Amino acid sequence: MCGNEESTGTAPSQRAPPATPYQAVQDYISNVNSYKIIESTLREGEQFANSFFDTETKVKIAKALDSFGVDYIELTNPCSSEQSFQDCKTISNLGLKAKILTHVRCHMGDAKRAVEAGVDGVDLVIGTSQYLREYSHGKSMEVIQKTALEVISYLQSQNVEIRFSSEDSFRSDLVDILSLYKAVDRAGVHRVGIADTVGGATPRMTYDVVRTLRGVVGCDIECHFHDDTGCSVAGATHVDTSVLGIGERNGITPLGAFMARMVVTAPEYTKSKYNLKELKALETLVADAVEINIPFNNPVTGFCAFTHKAGIHAKAILANPSTYEILDPEIFGLSRYVSINSRITGWNAVRSRAEQLGLSMTDEQVKEVTAKIKQMADIRPLAIDDTDSILRSFHLELQQS
Ligand SMILES: CC(=O)SCCNC(=O)CCNC(=O)[C@H](O)C(C)(C)COP(=O)(O)OP(=O)(O)OC[C@H]1O[C@@H](n2cnc3c(N)ncnc32)[C@H](O)[C@@H]1OP(=O)(O)O
Ligand SMILES: O=C(O)CCC(=O)C(=O)O
Ligand SMILES: [Zn+2]
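Presented here is an overview of the structure given in this document. Keep in mind that what you see is a predicted model, and the values were worked out from it rather than measured. (Residues numbered from 1 in each chain as written. Chains lettered and ligands numbered in written order. Predicted model: local features only at pLDDT ≥ 70, side-chain atom pairs only at ≥ 80, totals over all residues. Heavy atoms only, no water.)

**Some words on the site of ligand 1**
So, point 1. Near ligand 1 lie 15 residues; those nearest to it are Gln47, Ser80, Arg105, Val125 and Ser136.
So, point 2. Between an oxygen atom of ligand 1 and a side-chain N or O atom of Ser80, the distance comes to 2.9 Å.
So, point 3. The protein chains hide 52% of the 990 Å² of surface that ligand 1 would expose on its own.
So, point 4. Listing elements by their share of the shell around ligand 1, those giving two or more residues are strand 3 (99-105), strand 4 (121-127) and helix 4 (130-137).
So, point 5. When grouped by side-chain class, the residues that make up the shell around ligand 1 number 4 nonpolar, 7 polar and 4 charged. (Near = heavy atom within 4 Å. Polar contact = N/O pair within 3.5 Å; in protein donor to acceptor, adjacent residues only side chain to side chain. Areas by Shrake-Rupley, 256 points an atom, 1.4 Å probe, with all protein chains shown as cover. Helix = DSSP H or I, 4+ residues; strand = E, 2+ residues; numbered from the N terminus. Nonpolar A, V, L, I, M, F, W, Y, C, P; charged D, E, K, R; others polar.)

**A closer look at the environment of Thr128**
So, point 1. With respect to the helices and strands, the residue Thr128 is situated in the loop between strand 4 and helix 4.
So, point 2. Linking Thr128 and Glu167, residues 39 residues apart in sequence, is a C-alpha distance of 6.1 Å.
So, point 3. Leave out the neighbours within four places in its chain, and Thr128 touches Arg133, Met141, Ile144, Ser166, Glu167, Ser172, Ile177 and Leu180. (Contact = heavy atoms within 4.5 Å.)

**Topic: the nonpolar core**
So, point 1. Residues Ile73, Leu124, Leu155 and Phe164 are the most contacted members of the largest nonpolar core, which totals 83 residues.
So, point 2. Not counting chain neighbours up to four residues away, the residues in contact with Phe164 comprise Cys106, Leu124, Ile126, Ala148, Leu180, Tyr181, Val184, Val189, Arg191, Val192 and Gly193. (Core = buried A, V, L, I, M, F, W, Y, C linked by side-chain atoms within 4.5 Å. Buried < 20%, exposed > 50% of the residue type's maximum accessible area, 1.4 Å probe, protein only.)

**A closer look at the site of ligand 2**
So, point 1. Looking at ligand 2, the residues that line it are Arg43, Glu44, His103, Val125, Arg163, Ser165, Glu167, Ala195, Thr197, His224 and His226.
So, point 2. For ligand 2, an oxygen atom lies 3.0 Å from a polar atom in the side chain of Arg43.
So, point 3. The protein chains hide 95% of the 290 Å² of surface that ligand 2 would expose on its own.
So, point 4. Considering every element that reaches the shell around ligand 2, the biggest residue donor is strand 5 (residues 161-167), with 3 residues.
So, point 5. Broken down by class, the residue content of the shell around ligand 2 amounts to 2 nonpolar, 5 polar and 4 charged.

**Points about the coordination of the zinc ion (ligand 3)**
So, point 1. Every protein donor of the zinc ion (ligand 3) is listed here as Glu44 (OE), His224 (NE2) and His226 (NE2), and their distances to the metal cover 2.1 Å.
So, point 2. Here the donor residues of the zinc ion (ligand 3) are spaced in sequence according to E-x179-H-x1-H.
So, point 3. Judged by relative accessible area, which is 4%, His226 ranks as buried. (Donors = N, O, S within 2.8 Å, 3.2 Å for Na, K, Ca; no water.)

**A short note on unusual backbone geometry**
So, point 1. One non-glycine residue, Arg249, lies in the positive phi region at around 50°.
So, point 2. Along the chain, the position of Arg249 falls in the loop between strand 8 (238-241) and helix 8 (255-265).
So, point 3. Residue Val300 is not a glycine yet carries a positive backbone phi of 70°.
So, point 4. Relative to the elements of secondary structure, Val300 occurs in the loop between helix 10 (279-289) and strand 9 (307-308).

**Focus: the packing of aromatic side chains**
So, point 1. With the rule as written, the count across this model stands at 6 aromatic pairs.
So, point 2. An angle of 80° between the planes, with centres 5.3 Å apart, marks the rings of Tyr35 and Phe258 as edge-to-face. In this pair, Tyr35 is assigned in the segment before strand 1 (36-39) and Phe258 in helix 8, connecting sequence segments 223 residues apart. Considered together, Tyr35 and Phe258 belong to a single accessibility category, that of buried residues.
So, point 3. Geometrically, the ring pair formed by Tyr35 and Tyr274 is stacked, given 6.0 Å between the ring centres and 25° between the ring planes. Linking Tyr35 in the segment before strand 1 with Tyr274 in the loop between helix 9 (267-273) and helix 10, this pair joins segments that are 239 residues apart in sequence.
So, point 4. Judged by its relative accessible area of 4%, Tyr35 falls in the buried class.
So, point 5. The class of Tyr274 is buried, set by a relative accessible area of 2%.
So, point 6. A network of ring pairs unites the aromatic residues Tyr35, Phe68, Phe258, Tyr269 and Tyr274 as a single cluster.
So, point 7. One cation-aromatic arrangement involves Lys112 over Tyr154; the distance from NZ or CZ to the ring centre is 5.5 Å. (Phe/Tyr/Trp six-rings, centres within 6.5 Å; stacked < 30°, edge-to-face > 60°. Lys NZ or Arg CZ within 6 Å of the ring centre and 35° of its normal.)

**Some remarks on the pattern of salt bridges**
So, point 1. Per the counting criterion, the structure on display carries 25 salt bridges.
So, point 2. Residues Arg191 and Glu222 are paired through a salt bridge, measuring 2.9 Å at the closest nitrogen-oxygen approach. Residue Arg191 is located in strand 6 (residues 191-196), and its partner Glu222 is located in strand 7 (residues 220-225); the two are separated by 31 residues in the primary sequence.
So, point 3. Of the residues examined, Arg191 reaches a relative accessible area of 1% and is grouped as buried.
So, point 4. A single network of salt bridges, built from pairs that share partners, joins Lys99, Asp123, Glu161, Arg163, Arg191 and Glu222. (Salt bridge = Lys/Arg side-chain N within 4 Å of Asp/Glu carboxyl O.)

Below, the structure is given as structure tokens:
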């Protein structure tokens, strides 16, 4: 052992645990205590390369999302196929607490089919960037606005909730989209949405656009962010998510990562509203359905999300978990793991493991066995069983000597 043989400090077990070990990172500027989740696993998620959801799977996922507590569940356009239409009807009739939305083109035919499917709300979308106006639908801003107002007026007559969104908002002309949003807001939509369809926006750009839009519309503002450049966790009043972030290309804001963010930013609201302990089961359900593994570094549920390895970390974590954790795993029904299996393990971690195993040793003895673990760990990777046996046989030798 080197370095800290003499500075053992106070043993973690001798100190009173702090009353509130986890402290929120306060965001005094934003109003984060009333956001809502538009969960799009069954829409954006169906655009994920591997996705095939049969009706039974969709129903299971919809029920799991509902039980988790999401506010809205967004479904694929019922015009996509006969089964998409039937599935919209089936899920709309489940009597879930979450409102059921479908996502359609800002187009009268799509809007009528959405109403026939019996959804609670319709998410209208149309591309507004030069790229999409030229290469997708070919419509001018004037035609877009005229069509939008007609479709909105029809949907109002059908008493459904209406969201109007531009696709590729961040590459659209800001003046163009602001005047379009102003018009649809005046027409009475419930929300407008902005979408970073290609995942190129920065947090600063997002802040600027949402702030400017907030000055122009009175309705709620929904955000939809793609993760092409790893910047998808953000939002305004309503945030689009999908389980594990599945979606077109490499997807959108992952529900779990967003929950991780919000449990820090708005802890009371988030914990009281969402059944965070169901996150892991929900992610496992969707991962199995689309035949993927949960990434090792997934926020909250990645296998090492709460694993502490380096000796300096382990000591402090054992004394007070908030030293190296911004999230309490218990909130998600999970537990932390302190590794003692490597050459970077420290004696404090080993002492804690020995205590867990009921092996009583002096500090000097723990340091001695730690040196043995390190010796072995320099030769090959160790598993927990290996280090436990080293501890047990060392302890046995002590008793026999
Ligand atoms: C960024 C996003 O993720 S937006 C959501 C993407 N979701 C989907 O695409 C849902 C699944 N899509 C589908 O099932 C099909 O594309 C359908 C049913 C919507 C349309 O299918 P098709 O009629 O075969 O058209 P296709 O998919 O080849 O092309 C899209 C058509 O929609 C038009 N379009 C695209 N956006 C809009 C819009 N907002 N309003 C009106 N028309 C639009 C395009 O111009 C094109 O029309 P065209 O047939 O005259 O060329
Ligand atoms: O409807 C929206 O707001 C977003 C549509 C979409 O999936 C996207 O633009 O990436
Ligand atoms: Zn998208």
